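Each chain is listed here by its residues.
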Amino acid sequence: MKLFIDTANVEHIREMADLGIISGVTTNPTLIAKEGRDFLEVIKEIASIVDGPISGEVISLEASGMVKEGIEISKIHKNMIVKIPMTEQGIKATKELTRLGIKTNVTLVFSVNQALLAATAGATYVSPFVGRLEDTLHDGIQVVSDIRNMFDTYGFDTEIISASIRTQKQLSDSALVGAHVATVPYAVLKKAFTHPLTKNGIEAFMKDWEETFGK
Ligand code: G3P
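Read on for an overview of the structure. (Residues numbered from 1 in each chain as written. Predicted model: local features only at pLDDT ≥ 70, side-chain atom pairs only at ≥ 80, totals over all residues. Heavy atoms only, no water.)

## Comments concerning the overall build of the protein
- Within the protein one finds 11 helices and 8 strands.
- Oriented by its inertia axes, the alpha-carbon framework of the protein measures out at about 70 × 40 × 30 Å.
- For the protein, the proportion of its 215 residues judged to be buried stands at 45%.
- Partitioning the intrachain contacts of the protein with sequence separation of at least 6 by distance along the chain shows that 57% fall at a separation of at least 24.
- Of the roughly 11,200 Å² of accessible surface on the protein, a fraction of 57% belongs to carbon and sulfur atoms.
- Separation of charge centres in the protein, based on 22 positive and 27 negative side chains, amounts to 2 Å. (Helix = DSSP H or I, 4+ residues; strand = E, 2+ residues; numbered from the N terminus. Buried < 20%, exposed > 50% of the residue type's maximum accessible area, 1.4 Å probe, protein only. Contact = heavy atoms within 4.5 Å. Areas by Shrake-Rupley, 256 points an atom, 1.4 Å probe, with all protein chains shown as cover. Lys, Arg positive; Asp, Glu negative; His and termini not counted. Charge placed at Lys NZ, Arg CZ, Asp CG, Glu CD.)

Structure below.
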């Protein structure tokens, strides 16, 4: 499973890119707004840091507007992926952008049926929102697993981005049920590096070494 970072914060992206663990970036209107910076400027900076798929989301709700915006987003950089909301208009736009050779990420997916529609329209990625499903006591990981089984059964090339990840368990379960990608917030990624036994182990190794050989 590939790891993307789910943020528009360039410092966080740079830090994780330096560690060599992220192969893409996802943004959404909320994440861009949080940074309070111009969309184009932020996306260009992200593209200069990470050489991999970068999702930028459209704002229009009508298919024609989404297609227009999508074409503009795709021109920003060769790695751009146009993020489209999972609606009737979004699916129509996905179909058209696919016809134009533009890659898409259908977002706000909460069911197998929505993933089926997105894949049928030719989406490059679908993003089931695991965290938001689990916030409402639904099994988000089961949805990812079911989408994976359905894609494999019918030979869809569409990749699953396990999104809205809030916990370590949601991250590891995404990998175990076959998500192609997990897009992970900075804080959750940072935490994934750590384990109390790793910390204790390093301390014990250092102590034993110093007791015999000194500092
Ligand atoms: O980028 C889409 C998704 O990951 C948003 O997550 O935390 O707002 O549910 P969240």
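Back to the write-up after that little detour.
## Points about the pairing of strand β6 (residues 125-128)
- Burial along β6 is two-sided: the face carrying Tyr125 and Ser127 and the face carrying Val126 and Pro128 are both buried.
- Sheet analysis places strand β5 (residues 104-109) next to β6, joined by 3 bridges and oriented parallel. Note that in β6 the partner of Val106 across the bridge is Val126.
- Bridge count between β6 and strand β7 (residues 159-162): 2 bridges; the pairing is parallel. Across the sheet, the residue bridging to Val126 is Ile160, located in β7. (Pairing = 2+ DSSP bridges.)

## Some remarks on the side chain of Ser60
- Among the secondary structure elements, Ser60 is positioned in the loop between β3 (54-57) and α4 (63-76).
- Polar side-chain contacts of Ser60 include one of 2.5 Å to the side chain of Glu69. (Polar contact = N/O pair within 3.5 Å; in protein donor to acceptor, adjacent residues only side chain to side chain.)

## Brief notes about a nonpolar patch on the surface
- There is a patch of nonpolar side chains on the surface, built from Ile202, Phe205 and Met206 and spanning about 340 Å² of accessible area.
- Tracing the sequence through the fold places Ile202 in helix α11 (residues 196-213). (Patch = residues over 30% accessible without salt bridge, like charges linked within 9 Å, V, L, I, M, F, W, Y side chains within 5 Å. Salt bridge = Lys/Arg side-chain N within 4 Å of Asp/Glu carboxyl O.)

## Thoughts on helix α9 (residues 168-176)
- Among the residues of α9, Gln170, Leu171, Asp173 and Ser174 are the ones counted as buried.
- Summarising the contacts, the buried residues of α9 are in contact with β1 (2-6), α7 (130-135), α8 (140-154), β7, β8 (181-184) and α10 (186-192).
- One or two positions beyond α9, positive phi appears at Gly178, with a value near 95°.

## Side note on α11
- If you check α11, its first and last C-alpha atoms are 26 Å apart, about what 18 residues at 1.5 Å a residue would give, namely 26 Å.
- Burial of α11 is sparse: only 0 of the 18 residues sit out of reach of the surface.
- Immediately beyond the C-terminal end of α11, within one or two residues, lies Gly214, with a positive phi of roughly 80°. (Expected span 1.5 Å × (residues − 1).)

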